[in-house]
Amino acid sequence: MYFCKIAAKQIPASVVYEDDSFLAFKDINPAAPVHFMIIPKQHVPTLSACNNSHTEMLGKLLALVPQLAAEQGCGVTTDTNGRETGGYKTLINTGPDGGQEVYHLHIHVIGGPRPWHGKQLA
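Definitions and limits used
- Residues numbered from 1 in each chain as written.
- Predicted model: local features only at pLDDT ≥ 70, side-chain atom pairs only at ≥ 80, totals over all residues.
- Heavy atoms only, no water.
- Helix = DSSP H or I, 4+ residues; strand = E, 2+ residues; numbered from the N terminus.
- Rg over C-alpha atoms; globule rule 2.2 N^0.38 Å.
- Buried < 20%, exposed > 50% of the residue type's maximum accessible area, 1.4 Å probe, protein only.
- Contact = heavy atoms within 4.5 Å.
- Areas by Shrake-Rupley, 256 points an atom, 1.4 Å probe, with all protein chains shown as cover.
- Lys, Arg positive; Asp, Glu negative; His and termini not counted.
- Charge placed at Lys NZ, Arg CZ, Asp CG, Glu CD.
- Core = buried A, V, L, I, M, F, W, Y, C linked by side-chain atoms within 4.5 Å.
- Phe/Tyr/Trp six-rings, centres within 6.5 Å; stacked < 30°, edge-to-face > 60°.
- Salt bridge = Lys/Arg side-chain N within 4 Å of Asp/Glu carboxyl O.
- Expected span 1.5 Å × (residues − 1).
- Bend = angle between axes of the 7 residues up to and from the residue.

### Topic: the overall build of the protein chain
Scanning the protein chain from N- to C-terminus turns up 2 helices and 7 strands. Scanning the protein chain from its N terminus toward the C terminus, one meets helices and strands in the order α-β-β-β-α-β-β-β-β. For a compact globule of 122 residues, the expected C-alpha radius of gyration is about 14 Å, and the protein chain comes in at 15 Å, within 12% of that figure. Its C-alpha atoms put the protein chain at 45 × 30 × 30 Å along the principal axes. Considering the protein chain as a whole, with its 122 residues, one finds that 37% of them fall into the buried category. Sequence separation of 24 or more characterises 51% of the internal contacts of the protein chain that already satisfy a separation of 6 or more. Approximately 7,200 Å² of the protein chain is accessible, and the part contributed by carbon and sulfur atoms is 52%. The distance from the centre of the 9 positive side-chain charges to the centre of the 10 negative ones in the protein chain is 5 Å.

Below, the structure is given as structure tokens:
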């Protein structure tokens, strides 16, 4: 219930976005120059617990990623030569073998100039 407590403002976090349904905050152990997580305020323990009733929430969650990535400085842009630059990785750890440590659905957004230093994320 750690992320539920963050969403309820019972535990402090470095918030980068909030609306009625979602909260995004910086990872306390970043693996890259930009590393934040987006969580639904509704408690859903893991992606594997989702069903058709979660479709709208999951769509909105994913739609937030490019907006917040751009706001945090790692969005995909086009340079003067027409080449794409920037970018980010998204990651949802699911279950114990998937590396999930906090059982509240969350998506990591990881980016910024490479090489990234910190722990390796697959």
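From this point, the narrative continues.
### Some points on the environment of Ala-69
Among the secondary structure elements, Ala-69 is positioned in helix α2 (residues 55-71). Remark: the alpha-carbon pair of Ala-69 and Asp-79, spanning 10 residues in sequence, is separated by 17 Å. If we ignore the near neighbours within four places in the chain, the residues touching Ala-69 are Phe-36, Cys-74, Gly-75, Tyr-88 and Val-109.

### Quick notes on the nonpolar core
Ala-24, Phe-36, Ile-38 and Leu-68 are the most contacted members of the largest nonpolar core, which has 19 residues in total. For this core, the secondary-structure elements that each account for two or more residues are β1 (15-18), β2 (22-26), β3 (34-40), α2 and β7 (107-111). Examining the composition of this core, we find that 6 residues originate from one element, α2, more than from any other. Beyond its immediate sequence surroundings of up to four residues, Phe-36 is in contact with Val-16, Ala-24, Phe-25, Lys-26, Asp-27, Leu-68, Ala-69, Gln-72, Ile-107, His-108 and Val-109. Counting residues in hydrophobic clusters, the runner-up holds 7 residues, among them Ile-6, Ala-7, Leu-23 and Phe-25.

### So, the packing of aromatic side chains
In this description, an aromatic ring pair is defined by two values, namely the gap between the centres and the angle between the planes. A full pass over the atoms with the stated rule returns 2 aromatic pairs. Ring geometry for Tyr-2 against Phe-3: centres 5.9 Å apart, planes inclined by 45 degrees, an arrangement best described as tilted. For Phe-3, a relative accessible area of 3% puts it in the buried group. Where Phe-3 meets Phe-25, the ring centres are 5.4 Å apart and the plane angle is 75 degrees; that geometry is what we call edge-to-face. On the criterion of sequence distance, the pair formed by Phe-3 in helix α1 (residues 2-7) and Phe-25 in strand β2 is long-range, its members being 22 residues apart. Of the residues examined, Phe-25 reaches a relative accessible area of 3% and is grouped as buried.

### So, the side chain of Asn-93
Residue position: Asn-93 is located in the loop between β6 (88-91) and β7. Not counting the four nearest positions on each side in its chain, Asn-93 is found in contact with Gly-98, Gly-99, Gln-100 and His-108.

### Some details on the pattern of salt bridges
Tallying each qualifying case throughout the model produces 4 salt bridges. A salt bridge links Lys-9 to Glu-18; the nearest nitrogen and oxygen atoms lie 2.8 Å apart. One salt-bridge network, in which partners are shared between bridges, spans Lys-9, Glu-18 and Lys-41.

### Side note on α2
Under the 1.5 Å per step criterion, the end-to-end length of α2 is 25 Å for 17 residues, consistent within 8% with the ideal 24 Å. Of all the bends in α2, the greatest, near 25 degrees, is centred on Val-65, and the proline Pro-66 appears no more than four residues after it. Those residues of α2 not exposed but buried are Met-57, Leu-61, Leu-64, Val-65, Leu-68 and Ala-69. Buried positions along α2 lie against β1, β2, β3, β6 and β7. Phi for Gly-73, located one or two positions after α2, is positive at around 95 degrees.

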